[in-house]
Number of protein chains: 2
Amino acid sequence: MNFSVDNAVRCSECPIRHRAVCAKCDTDELLTLEGMKSYRTFKAGETILWRGEKLEYVASLVQGVASLSKTLEDGRTQMVGLLLASDFIGRPGRDEIEFDVTATTDVTLCCFNKEPFEQLVETTPHVAQRLMELALDELDVARDWMLLLGRKTAREKIATFVEMLVRRSQLPEDNGTASVSLPMTRDQIANFLGLTLETVSRQLNSLKKDGVLSFNDRKHLVVEDLSALHEATGDDSDGGIIF
Amino acid sequence: MNFSVDNAVRCSECPIRHRAVCAKCDTDELLTLEGMKSYRTFKAGETILWRGEKLEYVASLVQGVASLSKTLEDGRTQMVGLLLASDFIGRPGRDEIEFDVTATTDVTLCCFNKEPFEQLVETTPHVAQRLMELALDELDVARDWMLLLGRKTAREKIATFVEMLVRRSQLPEDNGTASVSLPMTRDQIANFLGLTLETVSRQLNSLKKDGVLSFNDRKHLVVEDLSALHEATGDDSDGGIIF
DNA sequence: CGCGATTTTGAAAGATCTCAACATCTGTGG
DNA sequence: CCACAGATGTTGAGATCTTTCAAAATCGCG
């Protein structure tokens, strides 16, 4: 078994209580969820679910980062989703998923047994309402991502990616600079952006040479000029959403 | 005004009654919907909604084909969604959309006033449940599309596109051939696939030269060898979903 | 029949990928 | 604490694919 079962935290104490699929649930519904849930953890790099695998549970991501990816016959792969805390895995009413789910960092899932969860979706409105919101949010992200994959240059892709990291880190940016940690390897970034890892490396170093970024460490970089970074994304002033 | 208001058909007679957002509604809910709906029609090529425009209604597509697209500052555009009969436009709880919606063919919408519709989503489960399913379906499509945009070659993109048309036309394919009508111009196909129109033209003619396709008419083509077409998509045996 | 829109075709430029070599980091064990 | 091995990242040169720019061909419609 590539997972371990922990003792479940009480829902009312849960860090993602107000953002996850349970966000709109009342006390009764929470109690029902409590009865069908269990925690599982995965180490960074482990596969959480394989494409086509029979699903026995659906889950909320409690902690860590996971990625969804698809692979062509000859091995080319494309990341098609990035799951953060409170994101949802699986879909009620379908038995398997169309992509692999991999732990990017160490991951904790709050898993719900599939049948009782689906019952809850059918019989009460709050879970479906929240699931709808989550799906629509993911759809917005997916559409920005499609624009990036279909039309942006390598440099624009990298700039957009870094800008997304900045936005997500939500650290107070002072004088137009920001520092962020890179949670992925060059190879993972390449699969995220539809590039090769060499191109990722080159464009990152090109942005460094141009004074937009700086970095020594591989896992940590500093945006020296946020507005130059935004210029490089190709987006118009307000910009996209991606995460 | 770029639309006209028709008399609404009764919901119970509606051709998309069992697939649209109202699919799970009971008679009472249908009656409520009936009270907030009106039909609008758009001619092929007209813009239905602009990005950022304030939404006054959400809608189901009753007839025709519409496309969602995003544009970069310098004018590069990428189609990010294709709406067919029973697909939904807009999202409860948000006032504007992040993309343009354009009528690809003549289009009929069944529009619901935004406030009362959102009320219905909040107070009853059936609409949200169906909206969740529709959003998750679109998400599956979007993810296959991302794989295509990020990793497929021009030839694979075209082959995948044609295969999608075949699958959608669901005409009885006999001896391994099929004939489909092309609903878009080369330029629209290019925006769909993240290519230039010249590349679309070249790849289409290359598949013709290789005996996979044949066509004289611009709007109509024949797949001479379905299995060769599938070979050319780059997908593995079972293939993706796109529509 | 003729005009504008759409499509095809060609040639050259440009971007990204591929392949290969080398550099650097990380963590392990001596 | 250092050396080493494997993983990760960088850099270079050439190949390849797609785009760009331009011109010619074809279609559809009045």
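To be clear, the structure that these remarks concern was listed above.
All values reported here derive from a predicted model rather than from experimental measurement. Think of each chain on its own: its residues are numbered from 1, step by step along the sequence as written. The lettering of chains begins at A and the numbering of ligands begins at 1, in the order of writing. Totals for whole chains, interfaces and linings use all residues, but because this is a predicted model, local features are given only for residues with pLDDT of at least 70 and pairs of side-chain atoms are given and counted only at 80 or more. By convention in this description, side-chain values take in all heavy atoms of the structure and omit both hydrogens and water.

Attention shifts here to the relation of the copies chain B and chain A. Superposition of the two copies of the chain requires a rotation about an axis together with a shift along that axis. If you rotate chain B by 180 degrees and push it 0.0 Å along the axis, it lands on chain A with an RMSD of 0.1 Å. Such values leave the two copies arranged in the relation of a two-fold axis. The contact definition used throughout considers only heavy atoms, calling two residues in contact when any of these lie within 4.5 Å. When the interface residues of chain B are mapped onto chain A, 100% of them again lie at the interface, so the same face is used by both copies. When the copies are overlaid, the least-squares fit takes in C-alpha atoms only where the residue has pLDDT of at least 70 in both copies.

Let us look at the sheet that holds strand β11 (residues 213-214) of chain A. All names here are of chain A. Ordered in space as β10-β12-β11, the three strands form an open sheet in which the pairing is antiparallel. The open sheet terminates on both sides in strands that have one partner only, identified here as β10 (178-181) and β11. The angle between two axes is taken between their N-to-C directions and runs from 0 to 180 degrees, where each axis is a line fitted to C-alpha atoms and a helix contributes only its stretch in contact. A run of DSSP states H or I qualifies as a helix once it reaches four residues; a run of E qualifies as a strand once it reaches two. Both are numbered from the N-terminal end. In this fold helix α4 (residues 154-169) packs onto β10, β11 and β12 (220-223), with an angle of close to 95 degrees to the strand it touches most, β10. DSSP calls a pair of strands paired once it identifies at least 2 bridges connecting them.

Turning our attention to the state of the cysteines. Two cysteine sulfur atoms make up a disulfide if the distance between them is within 2.5 Å. Across all of its chains, the model carries zero disulfides over all chains by this definition. Here C11(A) is not cross-linked by a disulfide; its sulfur's nearest cysteine counterpart is in C22(A), at 6.1 Å. A relative accessible area of 7% means that C11(A) is categorised as buried. Cysteine C111(B) is unpaired, with the sulfur of C110(B) as its nearest cysteine sulfur at 6.9 Å. Type-normalised accessible area, obtained with a 1.4 Å probe on protein chains alone, sets the label of each residue: buried when under 20%, exposed when over 50%, and partly exposed for intermediate values. You can call C111(B) buried: its relative accessible area is 1%.

Time to look at the protein's contact with DNA strand D. Taken together, 19 residues form the shell around DNA strand D, and within it R186(A), S201(A), A154(B), T199(B) and R202(B) come nearest. When atoms of DNA strand D within 4 Å of the protein are sorted by moiety, sugar and phosphate together comprise 62%. Contact between DNA strand D and R202(A): a base nitrogen at 2.9 Å from a side-chain N or O atom of the residue. Between N or O atoms, a polar contact is any pair within 3.5 Å; within protein, one atom must be a potential hydrogen donor and the other a potential acceptor, and residues adjacent in sequence are included only when both atoms are from side chains. Within the backbone of A154(B), a nitrogen or oxygen atom sits 2.6 Å from a phosphate oxygen of DNA strand D. For the surface near DNA strand D, the secondary-structure elements that each account for two or more residues are α6 (197-209) of chain A together with α6 (197-209) of chain B. Here the element with the most residues in the surface near DNA strand D is α6(A); it accounts for five residues. Following the grouping adopted for this structure description, the nonpolar residues are Ala, Val, Leu, Ile, Met, Phe, Trp, Tyr, Cys and Pro, the charged ones are Asp, Glu, Lys and Arg, and the polar ones are all others, Gly among them. Split into classes, the residues belonging to the surface near DNA strand D amount to four nonpolar, eight polar and seven charged. Put simply, a residue is near a molecule or strand once any heavy atom of it comes within 4 Å of that molecule or strand.

Turning our attention to the environment of T71(B). Residues and elements named next belong to chain B. One can find T71 in strand β5 (residues 66-71). Sequence spacing of T71 and A228 is 157 residues, and the spatial spacing of their C-alpha atoms is 34 Å. What T71 contacts, discounting residues up to four positions off in sequence, is R76, T77 and D100.

Attention shifts here to the protein's contact with DNA strand C. In the vicinity of DNA strand C lie 18 residues, with A154(A), T199(A), R202(A), R186(B) and S201(B) positioned nearest. For DNA strand C, the backbone makes up 62% of the atoms found within 4 Å of the protein, where backbone means sugar plus phosphate. Taking T196(A), its side chain carries an N or O atom lying 3.2 Å from a phosphate oxygen of DNA strand C. E198(A) is positioned with one of its side-chain polar atoms (N or O) 3.1 Å from a base nitrogen of DNA strand C. For the surface near DNA strand C, the secondary structure elements donating two or more residues are α6 of chain A together with α6 of chain B.

Now for the pairing of strand β5 (residues 66-71) of chain A. Along any regular strand the residues' side chains alternate between the sheet's two faces. Residues and elements named next belong to chain A. Counting buried positions along β5 gives five out of six residues, so the element sits mostly inside the fold. Taken together, the six bridges between β5 and strand β6 (residues 77-83) define a ladder with antiparallel strand orientation. Paired with K70 across the strands is Q78, a residue of β6. Between the antiparallel neighbours β5 and β6 lie five residues, among them G75 with a positive phi of about 100 degrees. Across four bridges, the pairing between β5 and strand β8 (residues 100-103) is antiparallel. If you follow L68 over to β8, its bridge partner there is V101.

Next up on the list: the sheet that holds strand β10 (residues 178-181) of chain B. Sheets are built from strands that pair by backbone hydrogen bonding, the pairs being arranged parallel or antiparallel. All names here are of chain B. In spatial order, the strands read β10-β12-β11; together these three strands make up an open sheet with antiparallel pairing. The two strands at the open ends of the sheet, each matched to only one other strand, are β10 and β11 (213-214). Inspection of the sheet shows β10 paired to strand β12 (residues 220-223) by four bridges, in the antiparallel sense. Counterpart to A178 in the pairing with β12 is V223.

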